[in-house]
Amino acid sequence: MIRAAVVGAGSWGTTFAKVLADAGCETTVLARRAEVAEQINERHRNEQYLPDVTLPESLHATTDPHDALRRSDLVFLSVPSQQLRASLSALSAHLPSDAVLVSLIKGLERGSMLRMSEVLVNEIDWDIARLGVLSGPNIAREIAAEEPAAAAVASADLALAEWVAQCVTNRYFSAFANDDVVGTEYGGVLKNLIALAVGIVAGVGYGENTKAAIITRGLEEISRFAVAFGGRPETLVGLAGLGDLIATCESPLSRNHTAGRLLGQGHPLDEVVHRMQQTAEGIGSVRPVLDLAREHGVEMPIVSQVAQVLDGRMNPADLTVHITPRNEEALADATAGGDKIR
């Protein structure tokens, strides 16, 4: 039997632990708080994040890294992107040298602007041949309710990606392998930024035409970015790109869509962050993505407008797919902030 550990007991970490247990893996959740581990072990629940979900009785939880990791064949990481490096520093001594690490995280590290797989290699010098990423249209609550879903698993070693995909596949969750780590990770990062934009215009009160236009132009925008950094175009029209984009932009359960909607309704950024029970990764990724885009000459007009809304330099009602007479002046201000807008 495959032994798996999931680092992180939020909604996605707990949900994915359920996926693993239902796929036949011996699974342990490494929780930060003792009361969460106790709930999972004794009541088979995670009341804060998945209050209506009964977890498998075989699922075990602990706050002890040694207990969670020491015998694991597979270790899945589900912590906020900005906490990954510190988490790795605390966990590295407990990781089996032959374990396979898989990132479930969609974000870029502030400052370094590294993808999560790059943080793993950078912080603990992990062998890329034993490293994977999983991404796709994965709204946690829907998967926890066993609604059919799918994801992409990527690794530089395609055989490893295929093995991981087989390990996580069960009767309601399917995984498909590829060897495009760059495209798979950037798809997961960038769709959050477009979801913020769609949430903003939804909060303003605009309808399906506006949202569809932003999703369509947004896909072209994030594909252009990912390809510039070595991703493959076909990855961005697959589960890790288009699939994730649709789910994140359309679902009321999406954290980034929710954050954008609150911004569109006029709530200030600080209040939005405070009201969100979980991290909306897109908020922290906007500026790093724009910095990288500028360095590589990639134009990202939609993401640039999202940045201006976050900074309070643009009225949410003025976020559009292209420059219009009423927002031309506001968009021109982006040049002063370093964002090139076409």
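Since this is a predicted model, take the numbers as computed values, not measurements. (Residues numbered from 1 in each chain as written. Predicted model: local features only at pLDDT ≥ 70, side-chain atom pairs only at ≥ 80, totals over all residues. Heavy atoms only, no water.)

Draft legend 1. Quick peek at the overall build of the protein. Per the secondary structure count, the protein includes 16 helices and eight strands. Expected size for 342 residues packed as a compact globule is a radius of gyration near 20 Å; at 20 Å, the protein falls within 12% of this value. When burial is assessed residue by residue, the protein has 57% of its 342 residues classed as buried. Long-range pairs, those at least 24 residues apart, make up 70% of the contacts in the protein with a sequence separation of at least 6. (Helix = DSSP H or I, 4+ residues; strand = E, 2+ residues; numbered from the N terminus. Rg over C-alpha atoms; globule rule 2.2 N^0.38 Å. Buried < 20%, exposed > 50% of the residue type's maximum accessible area, 1.4 Å probe, protein only. Contact = heavy atoms within 4.5 Å.)

Draft legend 2. Quick look at the packing of aromatic side chains. Enumeration over the complete set of coordinates arrives at six aromatic pairs. Here the aromatic rings of W12 and F16 are separated by 5.5 Å at their centres, their planes lie at 65°, and the arrangement is edge-to-face. Of this pair, W12 and F16 both sit in helix α1 (residues 11-22), four residues apart, which is roughly one turn of that helix. There is no split in this pair, since W12 and F16 are both buried. Ring centres 5.1 Å apart and planes at 80° place the aromatic pair Y186 and F225 in the edge-to-face group. Residue Y186 is located in helix α8 (residues 181-204), and its partner F225 is located in helix α9 (residues 208-228); the two are separated by 39 residues in the primary sequence. F225 carries the same exposure label as Y186, and that label is buried. Chaining the aromatic ring pairs together yields one cluster made of W12, F16, F76 and F173. In this structure, R115 packs its charged tip against the face of Y186, placed 5.7 Å from the ring centre. (Phe/Tyr/Trp six-rings, centres within 6.5 Å; stacked < 30°, edge-to-face > 60°. Lys NZ or Arg CZ within 6 Å of the ring centre and 35° of its normal.)

Draft legend 3. Spotlight on the pattern of salt bridges. In total, this model carries 21 salt bridges according to the counting rule given. Across the pair E208 and K211 runs a salt bridge, and its minimum N-O distance is 2.9 Å. Remark: K211 and E208 occur in helix α9; sequence separation between them is three residues, near one turn of the helix. The exposure class of K211 is buried, given its relative accessible area of 11%. (Salt bridge = Lys/Arg side-chain N within 4 Å of Asp/Glu carboxyl O.)

Draft legend 4. Region of interest: the confidence of the model for the protein. Looking at the protein, the pLDDT average stands at 91 and 93% of residues meet or exceed 70. Contacts for the low-pLDDT stretch residues 323-342, under 50 throughout, to residues beyond four places or in other chains number 36 contacts. (pLDDT = per-residue confidence, 0-100.)

Draft legend 5. Summary view of the sheet that holds strand β4 (residues 74-77). With mixed pairing, the eight strands of this open sheet are ordered in space as β3-β2-β1-β4-β5-β6-β7-β8. Lying at the two open borders of the sheet, with one neighbouring strand each, are β3 (60-62) and β8 (173-178). Across this sheet, the average inter-strand angle for adjacent strands is 25°, counted without regard to direction. Both β4 and strand β5 (residues 100-103) contribute to a ladder of four bridges, which runs parallel. Within the sheet, the bridge partner assigned to L74 lies in β5 and is V100. Along the sheet, helix α11 (residues 239-250) contacts β6 (131-135), β7 (149-154) and β8; its crossing angle with β7, the most-contacted strand, is approximately 145°. (Pairing = 2+ DSSP bridges. Axes fitted to C-alpha atoms, helices over the stretch in contact; angles between N-to-C directions.)

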